[in-house]
Amino acid sequence: MDDGTKATVQKIPLLSIRAGPRDGEAWNARLKEELTALIKYVQINKNSDKDWFQVESNKTGLRWSGKCWYFHDKVRYEFDLEFEIPVTYPAAAPELRLPQLDGMTSKMYRGGKICQDIHFQPLWVKNVPHFGIAHALALGLGPWLAAEVPDLFERGMIHQFAK
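Please read all numbers here as calculations on a predicted model, not as lab measurements.

Engineer: Explanation requested: the packing of aromatic side chains in the structure shown.
Structural biologist: The description of two aromatic rings rests on the distance between their centres and on the angle between their planes. Taken as a whole and assessed by the stated rule, the structure comprises nine aromatic pairs. Ring geometry for Trp27 against Tyr89: centres 6.1 Å apart, planes inclined by 90 degrees, an arrangement best described as edge-to-face. Taken as a pair, Trp27 in helix α2 (residues 25-47) and Tyr89 in the loop between β3 (75-84) and β4 (108-109) lie far apart in primary sequence, 62 residues in all. The exposure classification of Trp27 matches that of Tyr89, with both residues buried. Note on Trp52 and Phe53: the rings are 5.0 Å apart at their centroids and 70 degrees apart in plane angle, and the pair reads as edge-to-face. With relative accessibility at 12%, the residue Trp52 sits in the buried group. Given the relative accessible area of 4%, Phe53 is considered buried. Taken together through their ring pairs, the aromatic side chains of Trp27, Tyr89, Phe120, Trp124 and Phe131 make up a single cluster. Positioned above the aromatic ring of Trp69 is the side chain of Arg76, whose terminal nitrogen or guanidinium carbon lies 4.0 Å from the ring centre.

Engineer: Could you clarify how one ought to interpret helix α1 (residues 3-11) in this entry?
Structural biologist: Helical geometry note: an α-helix holds 3.6 residues per turn, so side chains three or four residues apart project in the same direction. Thr5, Thr8 and Val9 are the residues of α1 that are buried. Seen end-on, α1 carries its buried residues on one side only, within an arc spanning 100 degrees. Facing away from the buried side of α1 by over 90 degrees, the exposed positions are Asp3, Gln10 and Lys11. Buried residues along α1 sit against α2 and α4 (133-154).

Rules used throughout
Residues numbered from 1 in each chain as written. Predicted model: local features only at pLDDT ≥ 70, side-chain atom pairs only at ≥ 80, totals over all residues. Heavy atoms only, no water. Phe/Tyr/Trp six-rings, centres within 6.5 Å; stacked < 30°, edge-to-face > 60°. Helix = DSSP H or I, 4+ residues; strand = E, 2+ residues; numbered from the N terminus. Buried < 20%, exposed > 50% of the residue type's maximum accessible area, 1.4 Å probe, protein only. Lys NZ or Arg CZ within 6 Å of the ring centre and 35° of its normal. Arc of directions from axis to C-beta. Contact = heavy atoms within 4.5 Å.

Now the structure itself:
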């Protein structure tokens, strides 16, 4: 992890409530913590002119969707972002999906789920219940985009996503 990412992640509030979608009122309390951390992360990004995603959830906080983008060679590439909160959350991290990129890279599973196994999952497991959605974006999706978008560009596979 580079120093900039580490410094940013250290500013994202850690979560304390160990509750998932099946835990009723405790889940609502966890969801409030999640939203607080996400708002803080968005503020950090905007203040440093590094805004790179937008997400929103359904009323239950179980389904999330939005956009993420990455700049490469002064061109913005924008992708749909989707994920659901797993039943075993927060013990299991959400599986982040970029459905438009499904099948374009070996670091992706069926349905456009990005590979988080090697680098992010062990970090998530060590930090349950303190990591949340904001941490998954900062430490899972952000580094994945930084690694994969330049390669996809070089192979001519993402020109249709240029904005």
